Amino acid sequence: MKPAPASLRHRVERLRAEIERHNRLYHVLDNPEIPDAAYDRLMAELRALEQQHPELVVPESPTQRVGGSPVPEFAEVRHQLPMLSLDNAFAREDVEAFDRRVRERLETDEQIGYACEPKLDGLAVSLTYRDGLLALGATRGDGTIGEDVTHNIRTIPTVPLRLSGRGWPDLLEVRGEVFMSSAGFDEMNRRANEKGEKIFVNPRNAAAGSLRQLDPRLTASRPLEIYFYSAGRVEGKPLPDLHSEILKVLRGWGLRTSPETQVVTGVDGLLGYYEDIGRRRSSLRYQIDGVVYKVDSIEQQRRLGFVARAPRWQIAHKFPAEEEMTTVRAIEWQVGRTGALTPVARLEPVFVGGVTVSNATLHNIDELKRKDVRVGDSVIIRRAGDVIPEVVRVIIEKRPSKSSSVRLPQKCPVCGSAVEREEGEAVARCTGALTCPAQLKESLRHFASRRALDIEGLGTRLIDQLVDAGLVRNPGDLFKLTVEQLANLDRMGDRSAANVVESLEHSKQTTFARFLHALGIRDVGEATAEVLAQHFRSLDALRSSPAEAIEEVPDVGPVTAGHVHAFFADSRNAKVIDALIQHRVRWPAVQGNSMRDSPLSGKTIVLTGKLSTMSREEAGDHIRKLGGKVAGSVSKNTDLVVAGGDAGSKLKKATQLGVKVLEEAEFLKLIGRKR
DNA sequence: TTGCCTCGAGATCA
DNA sequence: CTCGAGGCAA
């Protein structure tokens, strides 16, 4: 093939620039200059030229949005700056309190400038541009680690593959919300319906599902959009010092921001914005579940800082949750792992807040009595806090004439054992322990779960069958199962059965902490299991300890210590544990850094700056594991400050107060981690 | 709590 | 083709 002549190269460049300009006019500025057909002709010409001269193709060419080949799996991405969650406000008082807190912390009586925007119902993503080219697109994940979905992000027409304009930093991380417009969603479903394909139930799930496709061609066929709402990591050039100005420069680089953003002053401004958007909510092109307020000044944001996992300078003001009426078909009692009886309302299915709700927990007997929900009642349902369905109230006028209050059962509805309710406790419990099939099933689920023994393939269905068939009466029985027994069950062939036996075998090699966690002792979750393991080091030491000795463990109080001691004192539990050990469930000896001789034990430590080898969360976990406490700010009570790169005011304060400061390398040595 | 995607494997039908 | 497990997101 002949190399492309310079004139052709030039033409290709011109075409790309032209197409990108029209993209920007169309998607970002919402102001197209040429008809679609003319745009299509430009694209067609570019495609033809690139086909004839493949050496001219570059990844950022507008023709390369769909990279072609599916990815084998999603890679993990660590967010350099964590993607935090945000606090919620539901009532105007919450907003007033927010504004008051902000002014108190900033020690000002002046009205605060706030940047406001709608809170879109989509999913948060982080995009990284290096030298102006899209390099990475990732989901939020847990805020620290997300998934690499670059191949799918590239297919979104409103995402520029190359930044336009000038003056962008060498490295720019931007955050935004990927969503589907209501019209796009309806149109997509209409087409899917015509073709007899399955339709999506709501735009949010459709958008989330689309980003999780392995094959970008499928994603490209979904009407995804994006609005950017903030900058993350920036290197090489500072951004403006007002949030609203940052949004402006982002827009200048072709990154679409919400046209509804607005800067207001003071709490009245916030509430006015909320009402304005609320009035226009139904005429917006997309679904929103509230609005977001941010302190506009970046300097003020910095001074306000963070609390736990949310910044103090922003808050989401949610619209009231959508409510629907339905009827109660039944009220059932669920028996949990610890025997706790929970009343659950089985409802006539009703579509509310984008999903079909047919169950709603009533939490406990007190809650049930307070609301006096009865079978046959008409009730108001909403999805509280985004997720969990809630019975708001009963419509008394519609109550059937002969109905009666639900009472706490005297006997366990599953096994018939006595039900006990301790003085002053809200929960009632079945006393059947592992003889109760419900408790047994839940215990086994917990035992096999990922953070416990992690037995792959042992799911709900299989556990139900094993218990119902009488094959398993306690966790120890799991390890007696044979391929033949398993293969006899529903939907279990030889292959599946062998896989389960294999993963059971695999799960026997565990850690002391996981083992303790798996036992399901009351009040012993992952964290407590970890400190118990560190403190006692061996099962025998723990088993033979009196409650007082267990109480010596940091963060373990008399109640938890009592539960732990009682658990091991129970001969039924002892038998199960012995059986597990007999089946060679085992773990490596717990290593050196016992809490007692750890250098961090009882120390208060502050982390500042970026560590190169781990996230702050991880560093915090290490410290806590070694008996230390992590604090957010430096004071005279601080024993130690760990300074990573770019450490700021906390380091300064530490020096002022004469607090000992450790570099990352020294810290790693201290926690017994080498580089 | 629900909905979505992916994967492995069992069930079903030609 | 269908189902269950497992993982993710809000």
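Since the model is a prediction, treat every value here as computed from it, not as a measurement.

1. A few points about the overall build of chain A
A tally of helices and strands in chain A yields 24 helices and 24 strands. Considering only intrachain contacts with a sequence separation of at least 6, the fraction spanning at least 24 residues in chain A is 67%.

2. Describing the protein's contact with DNA strand B
The full set close to DNA strand B counts 20 residues, and Val-201, Asn-205, Leu-214, Ser-496 and Asn-499 are the nearest of them. In this structure, a sugar or linking oxygen belonging to DNA strand B sits 3.4 Å away from a main-chain N or O atom of Arg-212. Counting only elements with at least two residues in the surface near DNA strand B, the list comes to helix H6 (203-211), strand S16 (355-361) and helix H15 (494-507). Element by element, the count of residues in the surface near DNA strand B is highest for S16, at four residues.

3. Observations regarding the protein's contact with DNA strand C
Around DNA strand C lies a shell of 19 residues, among which Ala-124, Thr-139, Arg-204, Gly-457 and Arg-461 are the nearest. Backbone atoms, meaning sugar and phosphate, form 80% of the atoms of DNA strand C found within 4 Å of the protein. At 2.9 Å from a phosphate oxygen of DNA strand C is found a side-chain nitrogen or oxygen belonging to Arg-461. Looking at the surface near DNA strand C, the elements with two or more residues in it are strand S4 (123-130) and helix H13 (460-468). Tallied by class, residues from the surface near DNA strand C come to five nonpolar, six polar and eight charged.

4. Overview of the pairing of strand S15 (residues 341-352)
Judged from the seven bridges that link them, strand S14 (residues 323-335) and S15 form a sheet pairing that is antiparallel. Counted as the bridge partner of Gln-334 is Thr-342 from S15. Joining the antiparallel neighbours S14 and S15 is a turn of five residues, in which Gly-339 adopts a positive phi near 90°. The pairing of S15 with S16 spans six bridges and is classified as antiparallel.

5. A look at the environment of Gly-354
Structurally, Gly-354 is set in the loop between S15 and S16. Using a relative accessible area of 14% as the deciding quantity, one classes Gly-354 as buried. When the C-alpha atoms of Gly-354 and Asn-202 are compared, they prove to be 5.5 Å apart, with 152 residues separating the residues in sequence. The residues touching Gly-354, leaving out its near neighbours within four places in the chain, are Val-201 and Asn-202.

6. What to know about the sheet that holds strand S8 (residues 224-235)
On the basis of which strands lie adjacent, the open sheet formed by four strands has the order S5-S4-S7-S8 and antiparallel pairing. Here the strands that pair on one side only, and so sit at the sheet edges, are strand S5 (133-139) and S8. Neighbour-to-neighbour, the strand axes of the sheet open up by a mean angle of 25°, direction not taken into account. Direction of pairing for S4 relative to S5: antiparallel, over a ladder of six bridges. Note that in S5 the partner of Thr-128 across the bridge is Leu-136. Contacts between helix H8 (residues 243-252) and the sheet are confined to strand S7 (171-180) and S8, with S8 contributing the most and set at about 115° to the helix.

7. A few points about helix H17 (residues 526-536)
When you tally the buried positions in H17, you get eight out of eleven residues, the bulk of the element. Looking at H17, one finds that the buried residues are Thr-528, Ala-529, Val-531, Leu-532, Ala-533, Gln-534, His-535 and Phe-536. Phi for Arg-537, located one or two positions after H17, is positive at around 65°.

8. Description of the nonpolar core
With 50 residues, the main nonpolar core has Leu-478 and Phe-568 as its most contacted residues. For this core, the secondary structure elements donating two or more residues are helix H12 (437-448), H13, H15, helix H16 (512-519), H17, helix H18 (539-543), helix H20 (558-569) and helix H21 (571-582). Per-element tally for this core: the top contributor is H16, with six residues. Two domains share this core, each providing at least three of its residues, namely domain 4 (433-507) and domain 5 (512-582). When near neighbours in sequence (up to four residues on either side) are disregarded, Leu-478 contacts Leu-444, Phe-447, Ile-455, Leu-458, Leu-466, Val-472 and Leu-504. Grouped together as the second largest cluster of nonpolar side chains are 32 residues, Leu-127, Leu-161, Val-178 and Leu-211 included.

9. Regarding the packing of aromatic side chains
Following the criterion strictly, the structure yields nine aromatic pairs and no others. With 5.3 Å between their ring centres and 25° between their planes, Phe-179 and Tyr-227 make a pair best called stacked. One end of the pair, Phe-179, is in strand S7; the other, Tyr-227, is in strand S8, and 48 residues separate them in sequence. On the basis of an interplanar angle of 10° and a centroid distance of 5.2 Å, the ring pair of Phe-512 and Trp-587 is categorised as stacked.

10. Topic: H12
Count 3.6 residues to each turn of an α-helix, and residues three or four apart come out pointing the same way. Taking 1.5 Å as the rise per residue, H12 with twelve residues should run 16 Å; its terminal C-alpha atoms sit 16 Å apart, in good agreement. Burial runs high along H12: nine of the twelve residues are buried. Taken residue by residue, H12 has Ala-438, Gln-439, Leu-440, Lys-441, Ser-443, Leu-444, His-446, Phe-447 and Ala-448 as its buried positions. Those residues of H12 that are buried are in contact with S14, strand S20 (428-430), H13, H16 and H21.

11. As for the pattern of salt bridges
Scanning the entire structure with this criterion turns up 43 salt bridges. With a closest N to O distance of 3.1 Å, Arg-191 and Glu-187 form a salt bridge. Residue Arg-191 and its partner Glu-187 are both found in helix H5 (residues 182-194); the two are separated by four residues, about one turn of the helix. Arg-191 gets classed as partly exposed once you look at its relative accessible area, which sits at 42%. In this structure Glu-187 comes out as partly exposed when scored by relative accessible area, which is 30%. Measuring nitrogen to oxygen at the nearest pair gives 2.9 Å for the salt bridge that ties Arg-445 to Glu-442. Taken together, the positions of Arg-445 and Glu-442, both in helix H12 and three residues apart, correspond to about one turn of that helix. Classification of Arg-445 by relative accessible area gives partly exposed; the value is 24%. The class for Glu-442 is partly exposed, based on a relative accessible area of 28%. Taken together, the shared-partner salt bridges in this structure form one network comprising Glu-187, Arg-190, Arg-191 and Glu-194.

12. Examining the environment of Lys-480
Tracing the backbone through its elements, the reader meets Lys-480 in the loop between H13 and helix H14 (483-487). For the pair Lys-480 and Val-501, spaced 21 residues apart in sequence, the C-alpha separation works out to 9.4 Å. Residues within four places of Lys-480 in sequence aside, it is in contact with Gln-485 and His-583.

About the criteria used
- Residues numbered from 1 in each chain as written.
- Chains lettered and ligands numbered in written order.
- Predicted model: local features only at pLDDT ≥ 70, side-chain atom pairs only at ≥ 80, totals over all residues.
- Heavy atoms only, no water.
- Helix = DSSP H or I, 4+ residues; strand = E, 2+ residues; numbered from the N terminus.
- Contact = heavy atoms within 4.5 Å.
- Near = heavy atom within 4 Å.
- Polar contact = N/O pair within 3.5 Å; in protein donor to acceptor, adjacent residues only side chain to side chain.
- Nonpolar A, V, L, I, M, F, W, Y, C, P; charged D, E, K, R; others polar.
- Pairing = 2+ DSSP bridges.
- Buried < 20%, exposed > 50% of the residue type's maximum accessible area, 1.4 Å probe, protein only.
- Axes fitted to C-alpha atoms, helices over the stretch in contact; angles between N-to-C directions.
- Core = buried A, V, L, I, M, F, W, Y, C linked by side-chain atoms within 4.5 Å.
- Domains from an automatic or database assignment.
- Phe/Tyr/Trp six-rings, centres within 6.5 Å; stacked < 30°, edge-to-face > 60°.
- Expected span 1.5 Å × (residues − 1).
- Salt bridge = Lys/Arg side-chain N within 4 Å of Asp/Glu carboxyl O.

So, to be careful, I would describe these as geometric facts and stop short of saying anything about function.
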